[in-house]
Amino acid sequence: MREVDPVVDEAIETLNMKDGPTRRRLLRGAGLFSTTAAASALISACTSASTSSAAGGAASNFPTVPSWQFWFINHVTTNPFFTPTQYGMADAAKLLGLKPPKWEGSTNSVISEMTSAFQQAVAAKADGIAVPVIDATAFTAPIKGAMQDGIPVMSYNSDGVYTKGKPVIGSNRLAYVGQSLFVSGQSMGNEIKKLIPGGGEIVIFIATPGTGNIQPRYDGAVSVLGSSFKVHEIATGAETAQEPPAEKAYLLAHKNIKGAFAVDAGSTEVLGAQLKATGVKVPSGGFDTLGQTVSNIKSGLMDFTIYQDPYLQGFLPVLYMYLFKISGGALYPPDTDTGLSVVTKDNADAYAAPSRYQGTSTSPKYLPLSGAINAPAATTST
């Protein structure tokens, strides 16, 4: 009898390959293979097994399920901040053998357009809905109705219900995936105090004051700044084209401010350029890693940004809704804080490389870790 290459034998056992043409061919020919040839044959076998599994609509050894159609409703569907969110939801769906989720909603935070898209998903008998609950009351009835119809609903990016000056309280959904918004605002406030220890007059730009996805950040920052700071809340608008002129106009009229900050991705991305254009040289910072934000930090044009991982805000709701449905409701999804990492010049390199996970590349490349791992700031209490 021919000797079986131990590498091939181990791989066959690992794959739990039952008797069949592929297994018998590998066993018969393994002794004659070079290492490369053996590897190629195994890769072919694995690919065939993987293709067969995907064709059945199941992930790994999970039972075959219908190709569920999840819907994501969004408040600013064309905003580049949510590019990695869309990649995340698509990647999770592909991994699980599901249809690509639908992406609907409003382009400029119009609540009625969001609730209309939500009802469209319900009418289409969506298998699950994810929605940023950016208003305290507008989504309560739609979410309740969908859940009564057996449609699981999750919130992402914003959980909606908050009282000015107090932490966010969850809406009536299954679970929330996103940043702890009020706490992240407190973190910004603490960073501001480090940069401007003596206090003074500062501005905090905000795209849409009052909305549940960013107002809690402003409120959180103000809650820790204290009486030594005079804070101006300046709206920049939901559409990215509105933000640069709004910031520039304010900075030109207030050149003696002690600091300039922002609580949303778009207002943060353009802040460095507007500071440079107006000649206002003050400490600055904001949220997220959109566009020029990281390069502005690396060059010293800005001091910090706070990261919340938008990729996970797309990936995890798909995974959680899948597990909830496949388990008949037993695997209840947990509220998940997607993080609070303060990005400065010292650690900006990790966010600078082109990456699908940052929305700066379409390629889902493996990015190996390098160096020591630093724990992020805690965003939940124990």
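Check the entry above for the structure.
Residues numbered from 1 in each chain as written. Predicted model: local features only at pLDDT ≥ 70, side-chain atom pairs only at ≥ 80, totals over all residues. Heavy atoms only, no water.

**Some details on the packing of aromatic side chains**
Aromatic rings in a pair are described by how distant their centres are and how their planes are angled relative to each other.
Next, step 1: All chains considered together, the criterion is met by 11 aromatic pairs.
Next, step 2: Between Phe324 and Tyr332 the ring centres are 5.7 Å apart and the planes differ by 85 degrees, which places this aromatic pair in the edge-to-face class.
Next, step 3: Accessibility expressed as a relative area gives 16% for Phe324, which makes it buried.
Next, step 4: Judged by its relative accessible area of 51%, Tyr332 is exposed.
Next, step 5: Taken together, the ring pairs in this structure connect Phe72, Phe81, Phe82, Trp103 and Tyr156 into an aromatic cluster.
Next, step 6: The ring of Phe287 is capped by Arg217, whose NZ or CZ atom sits 4.1 Å from the centre of that ring.
Next, step 7: A cation over an aromatic ring shows up here: Arg356 above the ring of Tyr87, its NZ or CZ 4.1 Å from the ring centre. (Phe/Tyr/Trp six-rings, centres within 6.5 Å; stacked < 30°, edge-to-face > 60°. Buried < 20%, exposed > 50% of the residue type's maximum accessible area, 1.4 Å probe, protein only. Lys NZ or Arg CZ within 6 Å of the ring centre and 35° of its normal.)

**Focus: helix H12 (residues 310-326)**
Next, step 1: Across its 17 residues, H12 extends 25 Å between first and last C-alpha, which sits within 8% of the 24 Å expected from 1.5 Å per residue.
Next, step 2: The buried fraction of H12 is high, at 12 of 17 residues.
Next, step 3: Of all the positions in H12, only Pro310, Tyr311, Gln313, Gly314, Phe315, Leu316, Pro317, Val318, Tyr320, Met321, Tyr322 and Phe324 are classed as buried.
Next, step 4: Phi turns positive one or two residues past the end of H12, at Gly328, with a value near 65 degrees. (Helix = DSSP H or I, 4+ residues; strand = E, 2+ residues; numbered from the N terminus. Expected span 1.5 Å × (residues − 1).)

**With respect to the layout of surface pockets**
Next, step 1: Each pocket or cavity is described by its volume, and for the largest pocket that value is around 1,100 Å³.
Next, step 2: Lining the largest pocket are 29 residues, and of these Asn347, Ala350, Tyr351, Leu369 and Ile373 sit closest to its centre.
Next, step 3: Secondary-structure elements contributing two or more residues to the lining of the largest pocket are H12, strand E14 (341-343) and helix H13 (349-352).
Next, step 4: Partitioned by chemical class, the residues of the lining of the largest pocket number 17 nonpolar, nine polar and three charged. (1 Å grid on protein atoms, 1.4 Å probe; cavity = no way out; pocket = protein on both sides within 12 Å on 5 of 7 lines; lining within 4 Å. Points joined across faces, edges and corners; volume = space filled by probe spheres on them. Nonpolar A, V, L, I, M, F, W, Y, C, P; charged D, E, K, R; others polar.)

**What to know about the sheet that holds E14**
Next, step 1: Strand order across the open sheet formed by six strands is E9-E8-E10-E11-E12-E14, with mixed pairing between neighbours. Each end of this open sheet is capped by a strand with a single partner; those strands are strand E9 (229-235) and E14. Pairs of neighbouring strands in the sheet enclose a mean axial angle of 20 degrees, with direction left out of account.
Next, step 2: Bridge count for strand E8 (residues 200-206) against strand E10 (residues 259-262) is four bridges, and the pairing is parallel. (Pairing = 2+ DSSP bridges. Axes fitted to C-alpha atoms, helices over the stretch in contact; angles between N-to-C directions.)

**Remarks on the environment of Met321**
Next, step 1: Inspection of the secondary structure assignment puts Met321 in helix H12.
Next, step 2: According to the relative accessible area criterion, Met321 is buried, its value standing at 0%.
Next, step 3: Here the alpha-carbon distance between Met321 and Phe70, two residues 251 residues apart in the chain, equals 8.4 Å.
Next, step 4: Met321 has contacts with Phe70, Gly128, Ile129, Ala130, Pro152 and Met154, leaving out every residue within four places of it along the chain. (Contact = heavy atoms within 4.5 Å.)

**Brief notes about the side chain of Ser109**
Next, step 1: Looking at the element boundaries, Ser109 is found in the loop between strand E2 (102-105) and helix H5 (111-123).
Next, step 2: The class of Ser109 is buried, set by a relative accessible area of 14%.

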